[in-house]
Amino acid sequence: MSTNPLLKGTLQTIILKLLEDNSQMYGYEITQKVKEITAGEIKLTEGALYPALHKLEAEGLLETFTEIVDNRVRKYYRLTEEGGNGVASKLDEAQAFIDQLQLLLNLKPTTK
Amino acid sequence: MILTKEQKANIGVLVSNEVEYHETYQEVYDHVITSLEEKQDLADLQRAYGNILEDDFGGHYGIKMLEENRRRIVRKETFQKQKDQLYWFFKLPGLLVLITFCSIYGYFYEHQLLNINSVFSGSFILLTISSFIIMSISNFILRKKNRNRKPSINNASIKIMWRITWKGYIYLVLFRVLCSFLYIQTSSIFKADYHRVFINIAATIIDFASFVLALYLIAGLIVYKNEFKKRLAI
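Worth saying up front: this structure is predicted, and the values here are computed from it rather than measured.

Undergrad: Give a description of the domain arrangement of chain B that names residues and reports values.
TA: All names here are of chain B. By domain assignment, chain B separates into domain 1 (5-57) and domain 2 (73-233). Across the domain 1 to domain 2 interface the summed buried area is about 630 Å²; carbon plus sulfur atoms make up 58%. Summed over the three residues of domain 1 that lose the most area to domain 2, namely Tyr 21, His 22 and Glu 23, the buried surface amounts to 73% of that side. The tally of links from domain 1 across to domain 2 stands at 5 residue pairs in polar contact (both at pLDDT 80 or more). Its residues assigned to classes, the side of domain 1 that touches domain 2 comprises 2 nonpolar, 2 polar and 2 charged.

Here is the structure:
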């Protein structure tokens with residue numbers, strides 16, 4: 001399991017994509033989803049996740065609402081309209097970056 | 001594993017001791033409880049809590065960094081709101097309000113009606129005092145309502161906003177005192193005409209700075225009013 005520093009630049013894209021697929025999620029759920037999708041290979045630390053969520057919220061790409069779950073407040077995040085519109089361009093950006101990396105580092109895509 | 005009410009309360013105390021703000025408390029507490037409840041065996045609750053805090057949040061330092069980060073974002077957001085509010089005065093319909101006010105001031109000044117400078121200074125002082133009273137009362141109401149809660153992260157940025165206003169006010173008073181001092185001290189050295197120019201320039205600077213500060217204060221009050229309503233509704 002890795003807390004990959006390379007993730008830092010794509011963290012916002014990962015969050016936006018997950019929220020696009022899942023409509024609403026809370027912090028812990030996001031970390032577990034990433035762990036599940038990557039079969040435990042990537043672990044998002046909350047120390048990185050929450051600042052990214054707060055930044056996206058401040059930028060107006062995410063909005064929050066709270067629900068009471070088992071007598072405690074749970075804060076959910078979901079995409080705003082602006083955030084929803086921005087996901088595709090963020091994904092394109094990430095794709096272009098990965099393509100450039102492949103060219104630069106001469107990486108071959110691996111198949112599992 | 002399902003945690004008992006007592007265990008949850010213990011975790012609540014531990015999280016409360018770790019964080020500074022209510023918003024962080026809610027998020028970290030929910031995270032820790034959810035994480036603990038997913039564990040199969042909880043022989044030592046305190047150790048399990050410590051591990052989650054260390055592994056997921058980077059320990060005490062990680063939590064501090066998380067709060068510092070959030071505080072910076074909220075501060076930036078508050079200043080942006082205040083700036084937007086300030087710009088309102090320079091766009092329609094705010095510009096009309098500003099032009100009307102300046103025209104009335106100019107008319108009174110030109111026709112020597114009332115002592116417009118005293119009225120202006122008085123209004124400015126009244127605005128400052130009344131905003132201080134409004135702030136104190138609303139703070140008291142919020143503190144009373146949320147007495148069992150940690151302070152909101154928005155408090156920090158609101159405090160800075162008011163500190164800037166007060167600093168501006170103090171600098172303005174100091175500048176006024178300095179101008180009066182220089183005026184008296186140099187009265188025998190320079191001609192009366194030069195003195196009149198000097199006092200006019202100083203008065204214009206003070207009036208302009210007071211005016212900008214008053215607009216900044218009003219913008220801050222509007223931002224605070226919205227924040228107060230939001231926090232009262234929670």
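Alright, that's what it looks like, and here's the rest.
Undergrad: Lay out helix α1 (residues 5-18) of chain B with the relevant residues and their values.
TA: All names here are of chain B. Here α1 spans 20 Å end to end across 14 residues, near enough to the 20 Å set by a 1.5 Å rise per residue. Within the sequence span of α1, burial applies to Gln 7, Lys 8, Ile 11, Gly 12, Val 15 and Glu 18. Burial along α1 is one-sided: seen end-on, the buried residues are contained in an arc of 145°. Away from the buried face of α1 by more than 90 degrees, exposed residues Lys 5, Glu 6 and Asn 17 are located.

Undergrad: Lay out the confidence of the model for chain A in plain terms, naming residues and giving numbers.
TA: For chain A, the mean per-residue pLDDT works out to 86, and 91% of the residues sit at or above 70. No element of chain A has a lower mean pLDDT than helix α4 (residues 81-105) of chain A, at 87, and none a higher one than strand β1 (residues 24-26) of chain A, at 94.

Undergrad: Explain the layout of surface pockets to me, using residue names and the numbers behind them.
TA: In this model, the largest pocket occupies a volume close to 1400 Å³. Glu 23, Ser 152, Asn 154, Glu 227 and Arg 231 of chain B are the residues nearest the centre of the largest pocket, which is lined by 49 residues in total. Elements represented by at least two residues in the lining of the largest pocket include exactly α3 (46-58), β2 (62-69) and β3 (72-79) of chain A together with α2 (22-37), α4 (59-88), α6 (116-145), α7 (154-185) and α8 (192-233) of chain B. For the lining of the largest pocket, the leading source of residues is α7 of chain B, giving 8 residues. Both of domain 1 (5-57) and domain 2 (73-233) of chain B provide at least three residues apiece to the lining of the largest pocket.

Undergrad: Tell me about the pairing of β3 of chain A, residues and numbers included.
TA: Residues and elements named next belong to chain A. Across the 8 residues that make up β3, a large majority, 6, are buried. Where β1 lies against β3, 3 bridges are found, and the strand directions are antiparallel. Each residue of the ladder has a partner; that of Met 25, found in β3, is Tyr 77. The turn linking β2 back onto β3 is made up of 2 residues, and Asp 70 within it adopts a positive phi angle of 50°.

Undergrad: Before we move on, can you summarise the interface of chain A and chain B with the specific residues and values?
TA: Note on interface size: it is often stated as the accessible area lost on association of the parts. At the junction of the two partners, chain A supplies 19 residues and chain B supplies 19 residues. Together, the buried faces of chain A and chain B total about 1800 Å²; carbon and sulfur atoms form 54% of this surface. Across the contact surface, chain A and chain B share 4 salt bridges. A salt bridge links Asp 30 of chain B to Arg 72 of chain A, with the nearest nitrogen and oxygen atoms 2.7 Å apart. Where chain A meets chain B, there are 13 residue pairs in polar contact (both at pLDDT 80 or more). Sorting the residues of the side of chain A that touches chain B by element identifies α2 (27-37), α3 and β3 of chain A as the ones contributing at least two each. Of the residues forming the side of chain A that touches chain B, the biggest block, 8 residues, is contributed by α3 of chain A. Residue composition of the side of chain A that touches chain B, by class: 7 nonpolar, 4 polar and 8 charged.

Undergrad: Report on empty space enclosed by the protein, specifying residues and quantitative values.
TA: For the structure shown, the criterion picks out 2 cavities of 30 Å³ or more. In this model, the largest cavity occupies a volume close to 60 Å³. Elements that contribute at least two residues to the lining of the largest cavity include exactly α2 and β3 of chain A together with α2 of chain B. Of the residues assigned to the lining of the largest cavity, the class counts are 4 nonpolar, 2 polar and 4 charged. Reported here for the second largest cavity is a volume of approximately 50 Å³. What lines the second largest cavity is Tyr 50 and His 54 of chain A together with Glu 23, Thr 24, Glu 27, Val 28, Phe 57, Leu 66 and Arg 70 of chain B. The biggest single contributor to the lining of the second largest cavity is α2 of chain B, with 4 residues. Per-class residue counts for the lining of the second largest cavity are 4 nonpolar, 2 polar and 3 charged.

What counts, and where the lines are drawn
- Residues numbered from 1 in each chain as written.
- Chains lettered and ligands numbered in written order.
- Predicted model: local features only at pLDDT ≥ 70, side-chain atom pairs only at ≥ 80, totals over all residues.
- Heavy atoms only, no water.
- Domains from an automatic or database assignment.
- Buried area = accessible area lost by both parts, 1.4 Å probe.
- Polar contact = N/O pair within 3.5 Å; in protein donor to acceptor, adjacent residues only side chain to side chain.
- Nonpolar A, V, L, I, M, F, W, Y, C, P; charged D, E, K, R; others polar.
- Helix = DSSP H or I, 4+ residues; strand = E, 2+ residues; numbered from the N terminus.
- Expected span 1.5 Å × (residues − 1).
- Buried < 20%, exposed > 50% of the residue type's maximum accessible area, 1.4 Å probe, protein only.
- Arc of directions from axis to C-beta.
- pLDDT = per-residue confidence, 0-100.
- 1 Å grid on protein atoms, 1.4 Å probe; cavity = no way out; pocket = protein on both sides within 12 Å on 5 of 7 lines; lining within 4 Å.
- Points joined across faces, edges and corners; volume = space filled by probe spheres on them.
- Pairing = 2+ DSSP bridges.
- Contact = heavy atoms within 4.5 Å.
- Salt bridge = Lys/Arg side-chain N within 4 Å of Asp/Glu carboxyl O.

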